[in-house]
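Read off the chains here:
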Amino acid sequence: MSAASSEEDLSDDELAGLELVRESGGIHQSEFWKELDVSSRKGSRIVESLVEKDLIDREETVYEGHNTYYLTPTAKDLDFSLLMAGDMLSPFVADDELDTSSDAFSQWIMRLAYQ
């Protein structure tokens, strides 16, 4: 089942949960249900459904002294095309400090302009 087709079948609560995980980039399950303003039981059911549909990943962790899970969007949800100009990766990814007058930066900008 593809992510797009499984998203069409989500309840309003599941869609809200998926959006929360995606927008946050990652959230502890103990905070997830609070942010959604649902019970911890309902929050757990939402998480189970999203994990089962391969829309989020869940990893065991300890948060504020309690066992919980850390929820992140699945890697397939990430859009790496925003870092690309044609077949060239953004120079912002590789360098800590980017020289905007460098040839690499200029070439990347030009590829963006001509896409």
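Above this text you will find the structure in question.
In this text, all values refer to a predicted model and were calculated from it rather than measured experimentally. Per chain, residues are indexed from 1 in the order of the written sequence. In keeping with the predicted nature of the model, local features appear solely for residues at pLDDT of at least 70, side-chain atom pairs appear and are counted solely at 80 or more, and the whole-chain, interface and lining totals rest on all residues. Only heavy atoms go into the side-chain values, all of them from the structure, while hydrogens and water stay out.

Q: Help me get a handle on the packing of helix H2 (residues 12–24) against helix H4 (residues 40–52), residues and values and all.
A: Structural elements are reduced to axes, namely lines fitted to C-alpha atoms, with helices fitted over the stretch in contact, and the angle between N-to-C directions of any two is expressed from 0 to 180 degrees. Helix and strand assignments come from DSSP, with helices taken as H or I runs of at least 4 residues and strands as E runs of at least 2, each series counted from the N terminus. As a packed pair, H2 and H4 sit with axes 10 Å apart at the nearest point and diverge in direction by 75°. Here H2 is positioned roughly perpendicular relative to H4, judged by the angle of their axes. For the pair H2 and H4, the contacting residues are Asp-13, Glu-14, Gly-17 and Leu-18 in the first and Lys-42, Ile-46, Ser-49 and Leu-50 in the second. A breakdown of the residues in the contact of H2 with H4 according to their chemical character gives 3 nonpolar, 2 polar and 3 charged. Every angle not falling under 35 degrees, over 145, or within 65 to 115 is termed oblique; those three ranges are roughly parallel, roughly antiparallel and roughly perpendicular. Two residues form a contact once any of their heavy atoms are found within 4.5 Å. When residue character is reported, Ala, Val, Leu, Ile, Met, Phe, Trp, Tyr, Cys and Pro are called nonpolar, Asp, Glu, Lys and Arg charged, and the others, Gly included, polar.

Q: Lay out the nonpolar core with the relevant residues and their values.
A: For the purposes of this section, nonpolar cores are sets of buried Ala, Val, Leu, Ile, Met, Phe, Trp, Tyr and Cys residues that join through side-chain atoms within 4.5 Å. Residue burial is assigned from relative accessible area. The probe radius is 1.4 Å, only protein chains are included, and a residue is buried under 20% of its type maximum, exposed over 50%, and partly exposed in between. Leu-18, Val-21, Ile-27, Phe-32, Leu-50, Ile-56 and Leu-71 are the most contacted members of the largest nonpolar core, which totals 13 residues. Other than its neighbours up to four places away in sequence, Ile-56 contacts Leu-18, Val-21, Val-47, Leu-50, Val-51, Leu-71, Thr-72, Pro-73 and Thr-74.

Q: Can you break down the environment of Asp-54 residue by residue, with the values?
A: Within the secondary structure, Asp-54 is located in the loop between H4 and strand E2 (56–63). Looking at Asp-54, the relative accessible area reads 39%, which means it is partly exposed. Sequence spacing of Asp-54 and Ala-75 is 21 residues, and the spatial spacing of their C-alpha atoms is 10.0 Å.

Q: Run through the packing of helix H3 (residues 29–36) against H4, naming residues and quoting values.
A: Relative orientation of the contacting elements H3 and H4 amounts to 110°, with a least axis distance of 9 Å. Between H3 and H4, the interaxial angle falls into the category roughly perpendicular. Where H3 approaches H4, its residues Gln-29, Phe-32, Trp-33 and Leu-36 are matched on the opposing element by Ser-40, Gly-43, Ser-44, Ile-46 and Val-47. A breakdown of the residues in the contact of H3 with H4 according to their chemical character gives 5 nonpolar, 4 polar and no charged.

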